[in-house]
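Structural features, examined
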Amino acid sequence: MSKYIQTEGIVLRNYSLSDSDKIAVIFTREYGIIRGYANGARKLKSKFGSSLEPFTIVSLQYRIKEHNELARLERAELTASHFALASERESFETATYWCELVLEFLPVMMSDERVFRLLINSIKLLARQPKAENKLSCYFVIWLLKLTGFFPSITYCRICKKRKSLKEMAFFTFSGVICSDCAVENKGVNDKVLLESLHRIVTSPPETFISDTYFTEETLLLLNRRCERIIKNVIEERYQKFAS
Ligand SMILES: [Zn+2]
């Protein structure tokens, strides 16, 4: 028995299956990431039109069998396209990177309303303000890691394990924060600006954050580097487990 599903989704990527068909990987609001077979989607007069292009927000109808990961797409009506975003190389690369990260960090068919809203809001903001790309990417990555449980705790010192306020912390590393008491040996150098930035990111909605002038390019670069390190570690650990 197949189930008929109607929901909202955002296309993460698509690939051709034959001369006439496509598979679209879609992040749906209620059912998480699905892979949808779109019969005839590559034909000129397809009912899917351009609705299965990456970053497109669609109103979706599909059929899926129990325990089956591949759905059969019946309709995908375009709600918002973001084609302009796809035509700017840097914005396109950034949005593609976000979609890849969602695929990496969120298991298939696991719904997550907060990650769904984070991705949709970030893509909408990126389309409106392509110049804020670095800043938005920093916000997106930190929140994605946080919502999927991969961002280290910033409320507990990773050395003394005590709960402290962000103001009492001195360092932010890829594996957690270190408080001022534990960081005595490194007196003089610390991450106060990064920690304040983190505090602003985790306490503001993206619209407020984007107009916050506290962030310099240098701070964003440093934050992005630490996040890349967290991502690299998670992926490496996952593949080591897979290989062993
Ligand atoms: Zn400590």
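All figures in this text were calculated on a predicted structure; none of them were measured in a lab.

Reading the values: the criteria
- Residues numbered from 1 in each chain as written.
- Predicted model: local features only at pLDDT ≥ 70, side-chain atom pairs only at ≥ 80, totals over all residues.
- Buried ≥ 20, exposed ≤ 12 C-beta atoms within 10 Å, placed from the backbone.
- Helix = DSSP H or I, 4+ residues; strand = E, 2+ residues; numbered from the N terminus.
- Pairing = 2+ DSSP bridges.
- Domains from an automatic or database assignment.
- Nonpolar A, V, L, I, M, F, W, Y, C, P; charged D, E, K, R; others polar.

1. What to know about the pairing of strand β4 (residues 57-65)
- Burial of the side chains of β4 is restricted to one face: V58, L60, Y62 and I64 are buried, whereas none of I57, S59, Q61, R63 and K65 on the reverse face is.
- Examined bridge by bridge, strand β1 (residues 2-16) and β4 share nine bridges and lie antiparallel to one another. Among the inter-strand pairings, I5 is bridged to a residue of β4, identified as Y62.
- Note that β4 and strand β5 (residues 70-80) share seven bridges and pair antiparallel. Considered in β5, the bridge of R63 is made with R72.
- Here β4 hands over to β5 after four residues, with H67 in that stretch at a positive phi of 60°.

2. Focus on the domain arrangement of the protein chain
- What the domain assignment reports for the protein chain is domain 1 (2-128) and domain 2 (150-244).
- Centre-to-centre separation of domain 1 and domain 2, based on C-alpha positions: 31 Å.
- For the side of domain 1 that touches domain 2, the secondary-structure elements that each account for two or more residues are α2 (89-105) and α3 (113-128).
- At three residues, α3 tops the list of elements feeding residues into the side of domain 1 that touches domain 2.
- Its residues assigned to classes, the side of domain 1 that touches domain 2 comprises two nonpolar, two polar and one charged.

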